[in-house]
Amino acid sequence: MLSDPTIDLCRRYTGETWAGAKERLSQLPPGSPLIPAAQGDQAFLEAQLLRALLEHPTTYTTRPLRIMRVIPYENRPVIRFAADADPDGLADLIAWGLFSTGGKDDLRGIRGLRIQDAGHGRIDVGLLESDARIRLEGIPEVAWRNAEARRRQAELQSGGAVPFQHRGPTPGEHAFVMEHGWFEDAWREASGLGSALLRRLLIFRSGADWLDMAGFTKHVNTYGFRLTFAESHWTDHDTLIGYLLHPVCGIALKEDMRSCACAFGERSCRVWFDGPDRAAGRLDVQFLSAQGGCEIAEYNQALTYGGSPSEEISRVTGCPPGAAVVCIPGCHGRHGKVGFLRRMGEGRCKEGA
Ligand SMILES: [Zn+2]
Ligand SMILES: [Zn+2]
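Residues numbered from 1 in each chain as written. Chains lettered and ligands numbered in written order. Predicted model: local features only at pLDDT ≥ 70, side-chain atom pairs only at ≥ 80, totals over all residues. Heavy atoms only, no water.

Along the chain, the position of Val177 falls in helix α6 (residues 171–189). As a C-alpha pair, Val177 and Tyr243 span 66 residues in sequence and 38 Å in three-dimensional space. (Helix = DSSP H or I, 4+ residues; strand = E, 2+ residues; numbered from the N terminus.)

So, in structure tokens, the structure goes:
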């Protein structure tokens with residue numbers, strides 16, 4: 001029997017709606033984990049998606065990696081991108097972040113990723129020569145069409161192929177495997193952890209009050225999250241670790257090192273984990289704090305510029321959207337985040353023209 005606290009607990013990890021979570025959980029076979037694990041190619045595709053998202057800069061949004069919800073069906077899970085994600089930024093992510101960029105030495109994107117089907121506000125993507133599928137929601141048609149058009153334009157100049165709906169491997173994808181096939185073997189080994197993290201991504205939001213989350217990957221097998229907090233909203237690392245390792249919805253990670261000065265009243269730390277049961281794959285979580293009031297105000301402006309919901313901006317920064325940046329004494333005075341975002345946006349307009 002499903003209890004309300006069970007549904008609530010699960011939703012903290014997945015961001016599902018109450019009704020959606022209740023429906024999904026009620027259909028699970030008895031004894032199944034609340035967040036089922038993916039296997040084989042399916043896990044590989046999900047881990048590759050996480051890797052691609054961590055590597056593409058998606059900072060200055062209140063949603064972790066722009067994602068607002070993950071519906072963790074065992075097969076063909078659904079990832080919903082936030083409606084506040086700006087469509088241009090989303091097109092950029094799709095064009096250069098998700099699909100392979102086609103060079104023999106180019107690690108970006110997911111080799112063999114193809115659009116299988118598209119519907120209202122969604123695309124279904126899969127991997128060549130496999131049954132692995134993911135439904136990506138919250139993607140307006142204009143966003144993926146623009147992404148495809150940008151790639152077509154770029155490939156016209158370089159003579160490559162656009163992977164989106166290409167049959168079979170593109171020449172670039174083929175060349176990559178010949179040159180760097182071992183990367184894919186290593187990615188595949190660490191894919192159980194990557195998929196498990198993607199399926200629980202929203203715990204990084206509901207379990208910690210960060211201002212900003214940046215992603216990265218390292219050494220082929222490490223998934224990294226760098227969380228920046230306003231002083232007033234510092235989340236103790238043990239709180240988040242508790243959620244990550246939770247016996248019902250968490251992952252049986254093994255903490256292997258902690259370097260932090262929290263006990264001395266300082267605010268920065270870093271915790272590494274190994275995957276469960278010595279499975280390959282590592283998780284690296286970093287906690288930083290923003291330096292002063294003006295830095296927080298700057299994040300506030302960047303989040304406002306990026307279109308995050310006002311109530312979330314107020315919650316994480318402690319002030320309403322569009323706060324003025326008034327420098328604290330001794331500040332370096334270089335606050336260029338919004339300017340940077342604006343230049344990126346203008347660059348995209350030029351590229352699209
Ligand atoms: Zn610490
Ligand atoms: Zn300042």
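This structure, assessed with the given rule, holds 1 cavity of 30 Å³ or more. Size it by volume and the largest cavity reaches roughly 70 Å³. Ser100, Asp106, Arg108, Arg111 and Phe176 are, among the 15 residues lining the largest cavity, the residues nearest its centre. With 5 residues, the single largest contributor to the lining of the largest cavity is α6. Each residue belonging to the lining of the largest cavity can be placed in one class, and the counts come to 3 nonpolar, 6 polar and 6 charged. (1 Å grid on protein atoms, 1.4 Å probe; cavity = no way out; pocket = protein on both sides within 12 Å on 5 of 7 lines; lining within 4 Å. Points joined across faces, edges and corners; volume = space filled by probe spheres on them. Nonpolar A, V, L, I, M, F, W, Y, C, P; charged D, E, K, R; others polar.)

Turning our attention to the pairing of strand β7 (residues 222–229). For β7, a buried count of 7 out of 8 residues is recorded, marking the element as mostly surrounded by other parts of the structure. Where strand β6 (residues 212–218) lies against β7, 7 bridges are found, and the strand directions are antiparallel. Paired with Met213 across the bridge in β7 is Leu227. In this structure, the hairpin formed by β6 and β7 is closed by a connection of 3 residues, where His219 is found at a positive phi of approximately 50°. Where β7 lies against strand β10 (residues 282–289), 8 bridges are found, and the strand directions are parallel. Looking at the pairing, Tyr223 lines up with Leu283 of β10. (Buried < 20%, exposed > 50% of the residue type's maximum accessible area, 1.4 Å probe, protein only. Pairing = 2+ DSSP bridges.)

Counting 76 residues, the largest nonpolar core has Leu136 and Phe204 as the members making the most contacts within it. When residues no more than four places from it in sequence are discounted, the contact partners of Leu136 are Leu49, Ile79, Phe81, Leu98, Gly121, Arg122, Ile123 and Val125. One finds Tyr60, Ala290, Ala302 and Val338 within the second-largest nonpolar core, a separate group that totals 9 residues. (Core = buried A, V, L, I, M, F, W, Y, C linked by side-chain atoms within 4.5 Å. Contact = heavy atoms within 4.5 Å.)

Right, let's get into the sheet that holds strand β4 (residues 122–127). Taken together, the 5 strands give an open sheet; going across it, the order is β1-β2-β5-β4-β3, and neighbouring strands pair in mixed fashion. The open sheet is flanked by β1 (67–71) and β3 (113–119), the only strands paired with a single partner. Averaged over all adjacent pairs, the angle separating strand axes in this sheet is 25°, with direction ignored. In this fold helix α3 (residues 40–55) packs onto β1, β2 (78–81), β3, β4 and β5 (133–137), with an angle of close to 40° to the strand it touches most, β5. (Axes fitted to C-alpha atoms, helices over the stretch in contact; angles between N-to-C directions.)

With that out of the way, let us pick up the coordination of the zinc ion (ligand 2). For a metal with four donors in a tetrahedral arrangement, the ideal angle between donors is 109.5 degrees, while six donors in an octahedron ideally sit at 90 or 180 degrees. Distances from the zinc ion (ligand 2) to its protein donors, namely Cys294 (SG), Cys327 (SG), Cys331 (SG) and His335 (NE2), fall within the range 2.1 to 2.4 Å. Given 4 donor atoms and angles of 98 to 125° at the metal, the environment of the zinc ion (ligand 2) is assigned as tetrahedral. Every donor residue of the zinc ion (ligand 2) comes from the same chain, spaced as C-x32-C-x3-C-x3-H. (Donors = N, O, S within 2.8 Å, 3.2 Å for Na, K, Ca; no water. Tetrahedral: all angles 85-135°; square planar, octahedral: opposite > 155°, others 65-115°.)

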